[in-house]
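If you want the building blocks of each chain, they are given just below.
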Amino acid sequence: MLQVQFIVENKETVLKGLAKRNLKNASQKINSIIELDKTRKETQSELDNILSETNKLSKEIGMFFKSGETSKANTLKAKVATLKEESKKLSEKLTDCKTQLDNALYEIPNIPNTKVPEGNSEDDNITIKEWGELPKLYSEAKPHWELVKQYDIIDFELGVKITGAGFPVYKGKGAKLQRALINYFLDKNTDAGYQELQVPHLVNEASGLGTGQLPDKEGQMYHCGVDNFYLIPTSEIPITNIYRDVIVKEAQFPIKHTAYTPCFRREAGSYGKDVKGLNRLHQFDKVELVRIEKPSESYKALDEMVEHVANILEELRLPYRILCLCAGDLGFTSVLTYDFEVWSAAQGRWLEVSSVSNFENFQANRLKLRHKDENGKSQLAHTLNGSSLALPRIMAALIENYQDENGVNIPEVLQRYTGFDVIN
RNA sequence: AGAGGGGUGGCCGAGUGGUUUAAGGCGCACGCCUGGAAAGCGUGUUUACGUGUAAGCGUAACGAGGGUUCGAAUCCCUUCCCCUCUGCCA
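Residues numbered from 1 in each chain as written. Chains lettered and ligands numbered in written order. Predicted model: local features only at pLDDT ≥ 70, side-chain atom pairs only at ≥ 80, totals over all residues. Heavy atoms only, no water.

Chemist: Just to check I follow, could you spell out the packing of helix α7 (residues 173-191) against helix α12 (residues 391-401) for this structure?
Modeler: For any two helices packed against each other, one specifies the crossing angle of their axes together with the interaxial distance. Remark: α7 packs on α12, axes separated minimally by 11 Å, with the N-to-C direction vectors making an angle of 115 degrees. Between α7 and α12 lies a crossing whose hand is right-handed. Packed against α7, whose contacting residues are G174, L177, Q178, L181, I182 and F185, the element α12 presents L391, I394, M395 and L398 at the interface. (Axes fitted to C-alpha atoms, helices over the stretch in contact; angles between N-to-C directions. Helix = DSSP H or I, 4+ residues; strand = E, 2+ residues; numbered from the N terminus. Left-handed = near helix turned anticlockwise from the far one by under 90°. Contact = heavy atoms within 4.5 Å.)

Following this line, the structure appears as structure tokens:
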């Protein structure tokens, strides 16, 4: 969430940013936040004064009891009783005010970067780079869901039997290819200085709140009721929450992590070719990048991440394009996001395989993730993340783009990981 | 899962109702001392909110949340976590 102080001091900038996102009743919401903050400050001051007085009197009571002046003590006790009533009222008012303020802040999305194009939907995203020639497939080319069946490398029906739709079983060379991709991605990331982590796949409520999936996106996560844990929809949650309530030391920067995890998403409400085959699953694998940066370095870090992901796709020789998301398509928490899409030749469409974002201090504010600046003052750090990469759609594109009369060929860079060069 | 013991500052650790303004130690920073360093000595060393131009001042925080009391690290309740033993288990 945004910092109240930032909203108060930069009201016009905030309103302009929210207008870009077409947020309804923005100025009303912002005014109410400013008003609530004012009330909060006043109430805090009033309460502190009363508590200060109460503390002073309590000490005096103690001394009177010690010296045996019971009647004096009792007089003060009566006085404290009235003060206590007042402080109770004020403290309730303060709690109430803070809750209202937080709830109001939760509704305000992040302010888009000036680079973010105007626009209402994905149609307004701007392509900033295209790479690779779209492959011309041979006449018998098929979509991946037919190929995986033909070569028996991914079994959707089996997954339905075991669990339900959207939980495929990878078999034989399919499983091996999946594992090869994971290892390849992790190696690329660690070579680029990202520390590899293995993190829990279930997280508690505090972590869900920290990165902002809770409370609003509760329905999109699988929940273990008895223990009150959530299955992670992305490893961003466990990785970023390492830094919840942390003050990072100067020497720790830059902080670069990568992790492979399965991701679990309930994703209700989609249909048709969007969910066909590997296009959208309830469980899928992903290798993630997370960076914690000093504010002055975060955009350099974002560019590095984009460059890094592009390099991987080029090594795989998958045609891709990079989109700069427009304000209307930009995620709630993001300031600037680049989406990577690869060309799925047999489907004749682009598939999103990575999303790289700078959240600036929006996430850090909820996480209470800070660092000390040059003057020794605590400042919120910046958080960034990106996929490198989401497995299923890479699989889909690979299988489709690399098919020919002989079967599905394996990109050269992966062959030392798979140990075979064709699936047939 | 059962029984028992714990959770105090960056770290160790004292503290069972009232000058706790959380002892003492370690670490760290600065200063003195020194040719230089170590040792020694001195000073300082949390976070959040409020207030103030600032120095500072006020409030809150002893795992978390409630309660008792004029007053709680200390007593009571709830809850989370850690350790030991027993059980179960890859």
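Chemist: What am I meant to see in the packing of aromatic side chains here?
Modeler: Each aromatic ring pair is characterised by the separation of its centres together with the angle its planes make. Applying the stated criterion across every chain yields a total of seven aromatic pairs. Ring centres 5.7 Å apart and planes at 45 degrees place the aromatic pair Y184 and F185 in the tilted group. When its relative accessible area of 1% is taken as the criterion, Y184 is described as buried. Owing to a relative accessible area of 0%, F185 belongs among the buried residues under this scheme. With a centroid separation of 6.1 Å and 75 degrees between ring planes, the pair formed by F332 and F362 is classed as edge-to-face. Taken as a pair, F332 in the loop between β11 (320-324) and β12 (336-344) and F362 in helix α11 (residues 362-367) lie far apart in primary sequence, 30 residues in all. (Phe/Tyr/Trp six-rings, centres within 6.5 Å; stacked < 30°, edge-to-face > 60°. Buried < 20%, exposed > 50% of the residue type's maximum accessible area, 1.4 Å probe, protein only.)

Chemist: Before we go on, may I ask you to explain the sheet that holds strand β5 (residues 202-203) in this structure?
Modeler: Two modes of strand pairing occur in sheets, parallel and antiparallel, and in both the strands are linked by backbone hydrogen bonds. The strand order across the open sheet built from three strands is β5-β7-β6, with neighbouring strands paired in antiparallel fashion. The two strands at the open ends of the sheet, each matched to only one other strand, are β5 and β6 (223-224). Here β6 pairs with strand β7 (residues 229-231) via two bridges, running antiparallel. Counterpart to H223 in the pairing with β7 is Y230. (Pairing = 2+ DSSP bridges.)

Chemist: Just checking my understanding: could you explain the nonpolar core for this structure?
Modeler: Generally speaking, soluble globular proteins have nonpolar side chains that are buried together. Among the nonpolar cores identified, the biggest contains 60 residues, and L181, F185, L313, F340 and I394 are the most heavily contacted of them. Sort the elements by how many residues they give to this core and helix α10 (residues 298-315) lands first, with eight residues. If we skip the residues at most four places from it in the chain, F185 touches V287, I312, L316, S388, L389, L391 and I394. Core analysis: the next-biggest nonpolar cluster, separate from the first, contains 18 residues, V4, I30, C97 and I108 among them. (Core = buried A, V, L, I, M, F, W, Y, C linked by side-chain atoms within 4.5 Å.)

Chemist: Would you explain the side chain of S344 in this entry?
Modeler: Structurally, the position occupied by S344 is in strand β12. Classification of S344 as buried rests on a relative accessible area of 0%. Within the local environment of S344, its side chain forms a polar contact with the side chain of E400, the two groups lying 2.4 Å apart. Excluding its chain neighbours within four sequence positions, the residues that come into contact with S344 are R349, L351, E400 and N401. (Polar contact = N/O pair within 3.5 Å; in protein donor to acceptor, adjacent residues only side chain to side chain.)

Chemist: Sorry, what's going on with a negative patch on the surface here?
Modeler: A contiguous patch of negative charge, built from E35, E42, E46, E85 and E86, is present on the exposed surface. Listing elements by their share of the negative patch, those giving two or more residues are α3 (26-66) and α4 (70-106). Ranked by residues supplied to the negative patch, first place goes to α3 with three residues. Tracing the backbone shows E42 in helix α3. Among the residues examined, E42 registers a relative accessible area of 45% and is labelled partly exposed. (Patch = residues over 30% accessible without salt bridge, like charges linked within 9 Å, V, L, I, M, F, W, Y side chains within 5 Å. Areas by Shrake-Rupley, 256 points an atom, 1.4 Å probe, with all protein chains shown as cover. Salt bridge = Lys/Arg side-chain N within 4 Å of Asp/Glu carboxyl O. Lys, Arg positive; Asp, Glu negative; His and termini not counted. Charge placed at Lys NZ, Arg CZ, Asp CG, Glu CD.)

Geometry only, nothing functional implied.
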